[in-house]
Amino acid sequence: MLLVSLFLNVLVLVPVLGVLAANGRAADYGWGSDTASRRILIAIYAAILAASLLLIAGVFLNREVVAWAQALLGVQIVYKLLTAPLVGLRNPVVLSNLGIAIVHAATLVLTAS
């Protein structure tokens, strides 16, 4: 299940970063106009993507990465859940955040020892 969550991060963040880099109407609709805060969010998304890729590599190299992955997923769950009261449920990014938070929460439960 750990790999499911990490690959889900990659699967979601690669196109999201592409949409944000294109800086078109889709980016404005989901994340608002291009501002410093949106660019900070791009940096956060890129960091999560990089961490996910490194953790995936760690799994395949038989390294002990569970605690690192749990920390990453835990932080993601918190920020994704916080988007609901802060932004509202009408935003498509918030809705996808909630779905991903459920997957990551299941991963935390299943990898807890």
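From a predicted model like this one, the values you see are computed outputs, not experimental measurements. (Residues numbered from 1 in each chain as written. Predicted model: local features only at pLDDT ≥ 70, side-chain atom pairs only at ≥ 80, totals over all residues. Heavy atoms only, no water.)

### Details of the nonpolar core
Stated formally: Side-chain atoms within 4.5 Å link the members of a nonpolar core, which is a set of buried Ala, Val, Leu, Ile, Met, Phe, Trp, Tyr and Cys residues. Exposed residues in this analysis have more than 50% of their type's maximum accessible area, buried residues have under 20%, and partly exposed residues fall in between, with area computed by a 1.4 Å probe over protein chains only. By the criteria applied, helices consist of DSSP H or I runs no shorter than four residues and strands consist of E runs no shorter than two, each listed in order from the N terminus. Between two residues, a contact is recorded if the distance between any of their heavy atoms is within 4.5 Å.
By size, the foremost hydrophobic cluster in this structure holds 18 residues, and its most contacted members are L2, L6, Y45 and L55. Mapped onto this core, the elements with two or more residues apiece are α1 (2-22), α3 (36-60) and α4 (66-87). The element contributing the most residues to this core is α1, with seven residues. Residues contacting Y45, with those up to four places away along its chain left out, are L13, V16, L17, L20, W31, Y79 and V93.

### What to know about a nonpolar patch on the surface
Put simply, the rule reads: Put simply, a patch holds well-exposed residues, over 30% relative accessible area, that have no salt bridge, with like charges counted together within 9 Å and Val, Leu, Ile, Met, Phe, Trp or Tyr side chains within 5 Å. Where accessible areas are quoted, they stem from the Shrake-Rupley method and a 1.4 Å probe; at the residue level, only the protein chains shown are allowed to cover. A pairing counts as a salt bridge when a side-chain nitrogen of Lys or Arg comes within 4 Å of a carboxyl oxygen of Asp or Glu.
A cluster of nonpolar side chains, M1, V4, V109 and L110, forms an exposed patch at the surface whose accessible area comes to about 400 Å². For M1, a relative accessible area of 41% gives the class partly exposed.

### Topic: the packing of α1 against helix α5 (residues 92-111)
Put simply, the test is: Interaxial angles span 0 to 180 degrees and are taken between N-to-C directions of axes, which are lines fitted to C-alpha atoms, for helices over the stretch in contact. Any angle between 65 and 115 degrees counts as roughly perpendicular, while under 35 counts as roughly parallel, over 145 as roughly antiparallel, and the rest as oblique. Crossings are assigned a handedness: left-handed for a near helix turned anticlockwise from the far helix by less than a right angle, right-handed for a clockwise turn. Any residue outside Ala, Val, Leu, Ile, Met, Phe, Trp, Tyr, Cys, Pro, Asp, Glu, Lys and Arg is labelled polar, Gly included; the first ten of those are nonpolar and the last four are charged.
Viewed as axis vectors pointing N to C, α1 and α5 meet at an angle of 155 degrees, and their least axial separation amounts to 8 Å. In terms of their interaxial angle, α1 and α5 are classed as roughly antiparallel. Relative to α5, α1 is oriented so that their crossing is left-handed. Here L2, V4, S5, L8, N9 and V12 of α1 come into contact with α5, specifically with I100, V103, H104, T107 and T111. Across the contact of α1 with α5, the residue classes tally to six nonpolar, five polar and no charged.

### What about unusual backbone geometry?
The backbone of N23 shows a phi angle near 55 degrees, a positive value even though the residue is not glycine. A relative accessible area of 37% places N23 in the partly exposed class. Despite not being glycine, N62 has its phi angle at roughly 60 degrees, a positive value. Relative to the helices and strands, N62 resides in the loop between α3 and α4. Its relative accessible area of 71% is what places N62 among the exposed residues.

### Observations concerning the confidence of the model for the protein chain
The line we're drawing: How sure the predictor is of each residue is captured by pLDDT, a score from 0 to 100.
For the protein chain, per-residue confidence averages 97 on the pLDDT scale, and residues scoring 70 or more make up 100% of the total. At the level of individual helices and strands, the protein chain shows its lowest average pLDDT in helix α2 (residues 25-31), which scores 94, and its highest in α4, which scores 98.

### Some words on α3
Quick note on the threshold: Expected helix span is taken as 1.5 Å per residue step, with the number of steps being one fewer than the number of residues.
Along its 25 residues, α3 runs 36 Å from first to last C-alpha, staying within 8% of the 36 Å computed at 1.5 Å per residue. Here α3 has its buried residues at R38, Y45, I48, L49, S52, L55, I56 and G58. Summarising the contacts, the buried residues of α3 are in contact with α1, α2, α4 and α5. Residue N62 follows α3 closely and has a positive phi angle near 60 degrees.

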